[in-house]
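Chain by chain, the residues run as shown.
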Amino acid sequence: MVVLFKTLQVILALSILIIVHEFGHFTFAKLFGIRVDKFYLFFDVGGKRLLRFKIGETEFGIGVLPFGGYCKIAGMVDESMDLESLKQDPQPWEFRTKPAWQRLLVMFGGVLFNFIFAIIIFSVMLGMRGETYIPNEGNAVYVNDLAYEMGFRNGDQILSFDDYVPDNFYSLQSDLGRRLARKATVLRDGDTLDIYIDHSMIGEVLNSPDMFDVALPFIVAEVQESSPNRDSGLMAEDRILSINGEGFRFFQDARPVLEKNAGSMVDATVLRAADSLSLALQVDSLGKIGVAIKIPDLKVREYNGLSALPAGCKYTWELIVNYLRDLRLVATPSTQAYKSVGSFIAIGQVFPSAWDWLQFFYIIGLLSIMLGVMNLIPIPGLDGGHILFTLYEMVTGRKPGDKFLIVMQIIGMAIIFGLLILACGNDITRLLK
């Protein structure tokens, strides 16, 4: 049932994004008097379709193959490979007869609408909820095995990656990978030191879960009502330093000690203000003592109606830059980032198993940026390929011939299908593991 629910969310999300993207092409085409023959969600393979209607000269519909969609613009070499129409004499309402700058805007329209759509989503969300995150400043890391191997230690405060000073704690791992940092500067036990990054490990950074968790001192925020230690004398703001003589610095280190003493009474050393106390505590059968742990203060940025739009633009731009960095990593074989490329299965895993409108639209905003950036890649068959050829024409004054564009379209489609096979293969491999 969960798989079906996630699948429906993926189909709905991609359908919205495809319509937004193709409507960008459609809008600029109509603006410049170019005829649009078809506007389809999904592909009408063999002329088969679920829905079809016509408005003016354009046929709108929903195809039977739920994989993408298209906007068929008259006189343009595209994925439909309609070669017969190209054999006819050029008409004034065709794409191929329009000035290069108009054709450039038609091709860029889809990407532009994807970015505008993301800006609208993030501006509305920031205006409604603001931006809440754990600040990096003042918080220390608790590392996994990979981070330890790279030289990081529990309790380090990461000050910078090269010249970049991270702000959001939970972006540390992605910042380290995306920026291909040469060194990390950390504060350790009062001293500042540099950790030099081995770039051969970047691929592992991209695929290792939870490299940096927040190192939590074992400070009690609240003794719960159901706690077996409700009358033990334990109080909020007490810091537990040891159990049965086993000392620890962070709550994460205390977990195995508590589990080892599950179901028994223990002697805990507690720091209260400047005083050290000894308290007898009961550990339940699950290795817990029934307290809430004090977590770092959250940082909240709030936006009103006027400030939400520029904040949404800034947020969208940062995501675009980050995604471009991700693509750079994928294109760098030594990072092995290509192994993290996913297809529809990977997208489905991102969606929640229970309906959440805010999370759904946040994911759509991210996917809209991904779709826009992906389409800017200068591969024939994608918008970026058409844009590249049009820019070449504008610079040189020489327009590529239809035969050249047809060959490039075939090559581009082969590359796209190859990338799709790679992505699906990665998904299947992850599922098998």
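Everything discussed here concerns the structure shown above.
Residues numbered from 1 in each chain as written. Predicted model: local features only at pLDDT ≥ 70, side-chain atom pairs only at ≥ 80, totals over all residues. Heavy atoms only, no water.

(A) Region of the structure containing the pairing of strand 2 (residues 49–55). As judged from the 6 bridges shared by strand 2 and strand 3 (residues 58–63), these two strands associate in the antiparallel manner. Of the residues in strand 3, the one forming a bridge with Lys54 is Glu59. The antiparallel pairing of strand 2 with strand 3 creates a hairpin that spans 2 residues between the two strands, and Gly56 there sits at a positive phi of about 65°. (Pairing = 2+ DSSP bridges. Helix = DSSP H or I, 4+ residues; strand = E, 2+ residues; numbered from the N terminus.)

(B) Region of interest: empty space enclosed by the protein. Summed over the entire model, instances satisfying the criterion amount to 3 cavities of 30 Å³ or more. Taken as a whole, the largest cavity encloses approximately 210 Å³ of empty space. Elements with a contribution of two residues or more to the lining of the largest cavity: helix 3 (100–129), helix 11 (383–396) and helix 12 (402–432). It is helix 11 that contributes the most residues to the lining of the largest cavity, 4 residues altogether. Grouping the amino acids of the lining of the largest cavity by side-chain chemistry returns 7 nonpolar, 3 polar and 5 charged. By volume, the second largest cavity amounts to about 50 Å³. (1 Å grid on protein atoms, 1.4 Å probe; cavity = no way out; pocket = protein on both sides within 12 Å on 5 of 7 lines; lining within 4 Å. Points joined across faces, edges and corners; volume = space filled by probe spheres on them. Nonpolar A, V, L, I, M, F, W, Y, C, P; charged D, E, K, R; others polar.)

(C) Here's a closer look at the packing of aromatic side chains. Applying the stated criterion across every chain yields a total of 21 aromatic pairs. A connected cluster of aromatic rings, assembled from ring pairs, spans Phe23, Phe26, Phe28, Phe32, Phe39, Phe53, Phe60, Trp101 and Phe113. Against the face of Tyr148 rests Arg153, its NZ or CZ located 3.6 Å from the ring centre. Sitting above the plane of the Tyr164 ring, Arg179 keeps its charged end 3.5 Å from the centroid. (Phe/Tyr/Trp six-rings, centres within 6.5 Å; stacked < 30°, edge-to-face > 60°. Lys NZ or Arg CZ within 6 Å of the ring centre and 35° of its normal.)

(D) Structural context of the sheet that holds strand 3. Taken in spatial order, the 4 strands make up an open sheet running 2-3-1-4, and their pairing is mixed. Either end of the sheet is taken by a strand with one partner, and the two such strands are strand 2 and strand 4 (65–73). Neighbour-to-neighbour, the strand axes of the sheet open up by a mean angle of 10°, direction not taken into account. Where helix 1 (residues 2–31) meets the sheet, its contacts fall on strand 1 (36–43), strand 3 and strand 4, and the angle it forms with strand 1 comes to roughly 170°. (Axes fitted to C-alpha atoms, helices over the stretch in contact; angles between N-to-C directions. Contact = heavy atoms within 4.5 Å.)

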